[in-house]
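# Fold and geometry: a report
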Amino acid sequence: MSQTILVTGGTGYIGASLVNRLLLEGFDVGVLVRKGSSLQLLDKHLSEINLLEFDGDYVSLDEWFSLYKPVAVFHLASLFLVRHEPNQIPALIQSNIQLGAQLAEACVKHGCNNFINTGTSWQGYKSPEYQPVNVYAATKEAFENILVYYSQSLGLRVVTLRLFDTYGPKDPRQKIIQLLIGSAKSGAELKLSPGEQRLNLVQIKDVVQCFISAYKWIDIQSPSTNTVFGVYDDVDYSLKEIASLIENITQRKLNVNLGFFPYREREVMKPAEGYSRLPGWHPIITLQDGLAELL
């Protein structure tokens, strides 16, 4: 008998990759989407998944849970803003706090005992200790605190995976790896900060495997389990070193203008250290191999 998993954030790069893997594992998959969201990354799976078009009204969520009875929720949906404007605060709260609380409420009501949450290493500026880099990170921490109630008082099993930097094939996000590779292929000038900040990068296949392993791990834990794990590689690299790796692979000199922009306020110069990893999971794709595949 197949089991149903609900994925939020399934229209994004990591979420769509997770949906693909869950389908390969034989799960029935539901995907919560906002009205008007682009389904481009899910195009080849639209006939295989149950879409829940969510407008913020809990009733539709309640009805979907009642109909499909999911055994777990993978909560990846969020609004990511490095810098925010005052008028964006309501959207940050709605996306990163309110939606998750509604999901937790539906889980408890309908006996869905497993909640796999997605956090960010930016919740800890230099360590797992709470020290948010920005308001986005603060909202992620706020939701984790809400989950403590649902776990301690109502028995929901929770595991939060705090992601560091991620990358992979066909990534539509304009993150630093995509920008560097685009510059390597086109020769166009890429204007950057001085480049001493260090990044911890995990390839998408390893990230997805961590989510799958997290479900299998939490499903056998006792009620009220609530644990945080970091999703990180053993080695981090400076932005300069990543550019050098790409130059070595492509045998091309990158047209990178280091130091054109100053560092951001509260720039993370070194990824937070001290996180525990999910038992049994370890990244297997090195940055060199991941970059070689992309190039």
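That block above? That's the structure.
In this text, all values refer to a predicted model and were calculated from it rather than measured experimentally. (Residues numbered from 1 in each chain as written. Predicted model: local features only at pLDDT ≥ 70, side-chain atom pairs only at ≥ 80, totals over all residues. Heavy atoms only, no water.)

### Looking at the pattern of salt bridges
Tallied over the full model, the rule gives 16 salt bridges. The partner of Arg162 in a salt bridge is Glu141, with the nearest N and O atoms 3.4 Å apart. Remark: Glu141 occurs in helix H4 (residues 135-154) and Arg162 occurs in strand S6 (residues 157-163); sequence separation between them is 21 residues. In this structure, Asp171 engages Arg173 in a salt bridge whose closest nitrogen and oxygen atoms are separated by 2.8 Å. What makes Asp171 buried here is its relative accessible area of 10%. With relative accessibility at 23%, the residue Arg173 sits in the partly exposed group. When salt bridges with common partners are traced through the structure, they connect Arg198, Asp236, Glu241, Lys270 and Glu273 into a single cluster. (Salt bridge = Lys/Arg side-chain N within 4 Å of Asp/Glu carboxyl O. Helix = DSSP H or I, 4+ residues; strand = E, 2+ residues; numbered from the N terminus. Buried < 20%, exposed > 50% of the residue type's maximum accessible area, 1.4 Å probe, protein only.)

### A look at the nonpolar core
When a protein is soluble and globular, its nonpolar side chains tend to lie buried together. In this structure, Leu22, Val29, Phe74, Ile116, Leu161 and Phe211 are the most contacted members of the largest nonpolar core, which totals 37 residues. Going through the elements one at a time, strand S1 (4-8), helix H1 (13-24), strand S2 (28-34), strand S4 (72-75), S6, helix H6 (204-218) and strand S11 (226-231) are the ones with two or more residues in this core. With 10 residues, the top contributor of residues to this core is H6. Residues contacting Ile116, with those up to four places away along its chain left out, are Ala72, Val73, Phe74, His75, Val159, Leu161, Phe211, Ala214, Tyr215 and Ile218. Grouped together as the second largest cluster of nonpolar side chains are 21 residues, Phe65, Ala77, Leu99 and Ala106 included. (Core = buried A, V, L, I, M, F, W, Y, C linked by side-chain atoms within 4.5 Å. Contact = heavy atoms within 4.5 Å.)

### A short note on helix H5 (residues 176-186)
Residues of H5 that are buried: Ile176, Ile177, Gln178, Leu180, Ile181, Ser183 and Ala184. Backbone geometry just downstream of H5 places Gly187 in the positive-phi region, at approximately 80°.

### Thoughts on the pairing of S4
Side chains of S4 alternate between two faces, with Ala72 and Phe74 and Val73 and His75 buried alike. Examined bridge by bridge, S4 and strand S5 (residues 114-120) share four bridges and lie parallel to one another. Among the inter-strand pairings, Phe74 is bridged to a residue of S5, identified as Ile116. This β-α-β element, S4 to helix H3 (residues 89-110) to S5, shows right-handed connectivity. (Pairing = 2+ DSSP bridges. Right-handed = clockwise from strand over helix to strand, strands pointing away.)

### Things to note about the packing of aromatic side chains
The final tally for this structure, using the stated rule, is 13 aromatic pairs. Measuring from ring centre to ring centre gives 5.8 Å for Phe27 and Tyr215, while their planes differ by 80°; the resulting arrangement is edge-to-face. Taken together, the positions of Phe27 in the loop between H1 and S2 and Tyr215 in helix H6 put the pair 188 residues apart, joining distant regions of the chain. According to the relative accessible area criterion, Tyr215 is buried, its value standing at 7%. (Phe/Tyr/Trp six-rings, centres within 6.5 Å; stacked < 30°, edge-to-face > 60°.)

### Concerning the packing of helix H2 (residues 58-68) against H3
Here H2 crosses H3 at 35°, and the two axes come no closer than 10 Å. For the pair H2 and H3, the sense of crossing is right-handed. Every residue of H3 that contacts H2 at Tyr58, Leu61, Asp62, Phe65 and Ser66 is listed here: Gln102, Leu103, Glu105, Ala106, Cys107, Lys109 and His110. (Axes fitted to C-alpha atoms, helices over the stretch in contact; angles between N-to-C directions. Left-handed = near helix turned anticlockwise from the far one by under 90°.)

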